[in-house]
Amino acid sequence: MDEILKIEHLTKKYDDITVLNDISLTVKKGEVLVIVGPSGCGKSTLLRCINNLEDIQDGKVNIEGKTGMVFQSYELFPHMTVLQNLMLAPVKVQKRKKDEVKKEAEQLLERVGLSSKKDNYPAQLSGGQKQRVAIVRALIMHPEVLLFDEVTAALDPEMVREVLDVILDLAKQDKTMLIVTHEMAFARAIADRVIFLEGGSIIEDTTPAEFFDAPRSERAKSFLRTFEFEKVH
Ligand SMILES: Nc1ncnc2c1ncn2[C@@H]1O[C@H](COP(=O)(O)OP(=O)(O)O)[C@@H](O)[C@H]1O
Ligand SMILES: [Mg+2]
């Protein structure tokens, strides 16, 4: 498989605090990488560095093509309908034809089960529906790599599933994805590979089976114990 993302010795600091420390990571086309780790370990910062939203102090981030990112907060424009939200960037930024973009938006909405909501405003949607629209908004830009940062963290439990199902569907279509999540059963099911970050460093980089059944580091073991209540298989 081809490499689509290559990070070499990435160091990111905020002032003099090192938030990412000598991160090296290669992701292949079609790979699904799940990134887990305790709050504050640098997961969001890593995605932001990949998405070119941060300047970095050392190292290199090389990516083939564009990235699309989905955040915990959907940030849809409240005064625009679902369809208008989806069409904005492809038409204004990518200068694509309105008809073609509209058709694609409708197809993608159908895929995520939201055809009937295309003319609704965000305030008329549930959290899970808004997050599915936000995923479509990323997809319609045709990114080579999709980045998901705790996209279900703000959702009520009954809406988590519908969003995770959309992401599972994308994995089946061989999309390259980097997923930050605290949903461990989902992580295990979707990951080709799991990265465990702590204190800005990669502590484990392994298969989901090994990470969840036989983590090598004490830190990963104690991290996973905090999820014991939701049995992962
Ligand atoms: N804009 C910022 N300025 C200063 N420190 C930040 C900023 N963003 C994040 N940090 C710090 O960087 C560290 C990693 O944050 P983050 O990447 O958000 O962690 P995670 O997503 O794993 O919870 C934390 O200690 C956080 O406080
Ligand atoms: Mg975060």
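In this text, all values refer to a predicted model and were calculated from it rather than measured experimentally.

J.: Would you mind showing me how to read the side chain of Asp 149 here?
T.: Its place among the elements puts Asp 149 in strand 6 (residues 145-149). Here Asp 149 is buried and forms no salt bridge, its nearest opposite-charge partner Lys 43 lying at an N-O distance of 6.9 Å. With near-sequence residues (within four places) excluded, Asp 149 lies in contact with Ser 44, Leu 47, Met 69, Val 70, Phe 71, Gln 72 and Val 180.

J.: What should I look at first to understand the pairing of strand 7 (residues 176-180) in this one?
T.: A regular strand places its side chains so that they alternate between the two faces of the sheet. For strand 7, a buried count of five out of five residues is recorded, marking the element as mostly surrounded by other parts of the structure. Side-chain alternation along strand 7 places Thr 176, Leu 178 and Val 180 on one buried face and Met 177 and Ile 179 on a second face that is also buried. As judged from the four bridges shared by strand 3 (residues 32-36) and strand 7, these two strands associate in the parallel manner. Paired with Leu 33 across the strands is Leu 178, a residue of strand 7.

J.: Please explain the site of ligand 1 as it appears in this structure.
T.: With respect to spatial proximity, the complete set of residues near ligand 1 consists of Tyr 14, Val 19, Pro 38, Ser 39, Gly 40, Cys 41, Gly 42, Lys 43, Ser 44 and Thr 45. Thr 45 is positioned such that a nitrogen or oxygen atom in its side chain is 2.5 Å from an oxygen atom of ligand 1. Burial of ligand 1 by the protein amounts to 54% of the accessible area it has alone, namely 560 Å². In terms of residues, the shell around ligand 1 owes the most to one element, helix 1 (residues 43-50), which gives three residues.

J.: Looking at this model, I keep getting lost on the sheet that holds strand 9 (residues 201-206). Mind explaining?
T.: One key point about sheets: their strands pair by backbone hydrogen bonds, in either a parallel or an antiparallel sense. The strand order 5-6-7-3-8-9 describes an open sheet built from six strands, whose pairing is mixed. Pairing within the sheet leaves two strands with one partner each, and these edge strands are strand 5 (67-70) and strand 9. Sheet twist, expressed as the average angle between the axes of neighbouring strands with direction ignored, equals 20 degrees. Sheet contacts for helix 5 (residues 157-172): strand 3, strand 6 and strand 7; angle to strand 7, the most-contacted strand, approximately 150 degrees. Taken strand by strand, helix 8 (residues 218-225) contacts strand 3, strand 8 (193-198) and strand 9, and its axis lies near 100 degrees from that of strand 8.

J.: Please clarify how the sheet that holds strand 4 (residues 58-63) should be interpreted in this entry.
T.: If you trace the three strands from one edge of the open sheet to the other, you get 2-1-4, paired in antiparallel fashion. Where the open sheet ends on each side, the last strands, each with one partner, are strand 2 (17-28) and strand 4. The average angle at which neighbouring strand axes cross in this sheet is 15 degrees, direction not considered. With eight bridges joining them, strand 1 (residues 3-14) and strand 2 adopt antiparallel strand pairing. Opposite Leu 5, over in strand 2, you have Val 27 as the bridge partner.

J.: Just checking my understanding: could you explain a negative patch on the surface for this structure?
T.: Together, Asp 2, Glu 3, Glu 64 and Glu 144 line one region of the surface with negative charge. With respect to the helices and strands, the residue Glu 3 is situated in strand 1.

J.: What is the right way to read the pattern of salt bridges from this model?
T.: When the charged atoms of two side chains lie near each other, side chains of opposite charge can form a pair. Here the structure, examined in full by the defined rule, presents 17 salt bridges. Between Arg 188 and Asp 213 there is a salt bridge, with its nearest N and O atoms 2.9 Å apart. On the criterion of sequence distance, the pair formed by Arg 188 in helix 6 (residues 184-190) and Asp 213 in helix 7 (residues 208-213) is long-range, its members being 25 residues apart. Each of Lys 12, Arg 48, Glu 54 and Asp 55 takes part in one network of salt bridges that share partners.

J.: I tried to follow the domain arrangement of the protein chain on my own but got confused; where do I start?
T.: When the parts of a complex come together, some accessible area is lost, and that lost area is often taken as the interface size. Assigned domains within the protein chain: domain 1 (1-65 + 146-233) and domain 2 (77-143). Here the C-alpha centroids of domain 1 and domain 2 sit 26 Å apart. Taken together, the contact between domain 1 and domain 2 spans 13 residues of the former and 12 residues of the latter. Both faces combined, the contact of domain 1 with domain 2 buries some 980 Å², and carbon together with sulfur accounts for 72% of it. When the buried surface of domain 1 facing domain 2 is broken down by residue, Leu 146, Glu 162 and Val 166 rank first, second and third, together holding 41% of it.

Calculation criteria
- Residues numbered from 1 in each chain as written.
- Chains lettered and ligands numbered in written order.
- Predicted model: local features only at pLDDT ≥ 70, side-chain atom pairs only at ≥ 80, totals over all residues.
- Heavy atoms only, no water.
- Helix = DSSP H or I, 4+ residues; strand = E, 2+ residues; numbered from the N terminus.
- Buried < 20%, exposed > 50% of the residue type's maximum accessible area, 1.4 Å probe, protein only.
- Lys, Arg positive; Asp, Glu negative; His and termini not counted.
- Salt bridge = Lys/Arg side-chain N within 4 Å of Asp/Glu carboxyl O.
- Contact = heavy atoms within 4.5 Å.
- Pairing = 2+ DSSP bridges.
- Near = heavy atom within 4 Å.
- Polar contact = N/O pair within 3.5 Å; in protein donor to acceptor, adjacent residues only side chain to side chain.
- Areas by Shrake-Rupley, 256 points an atom, 1.4 Å probe, with all protein chains shown as cover.
- Axes fitted to C-alpha atoms, helices over the stretch in contact; angles between N-to-C directions.
- Patch = residues over 30% accessible without salt bridge, like charges linked within 9 Å, V, L, I, M, F, W, Y side chains within 5 Å.
- Charge placed at Lys NZ, Arg CZ, Asp CG, Glu CD.
- Domains from an automatic or database assignment.
- Buried area = accessible area lost by both parts, 1.4 Å probe.

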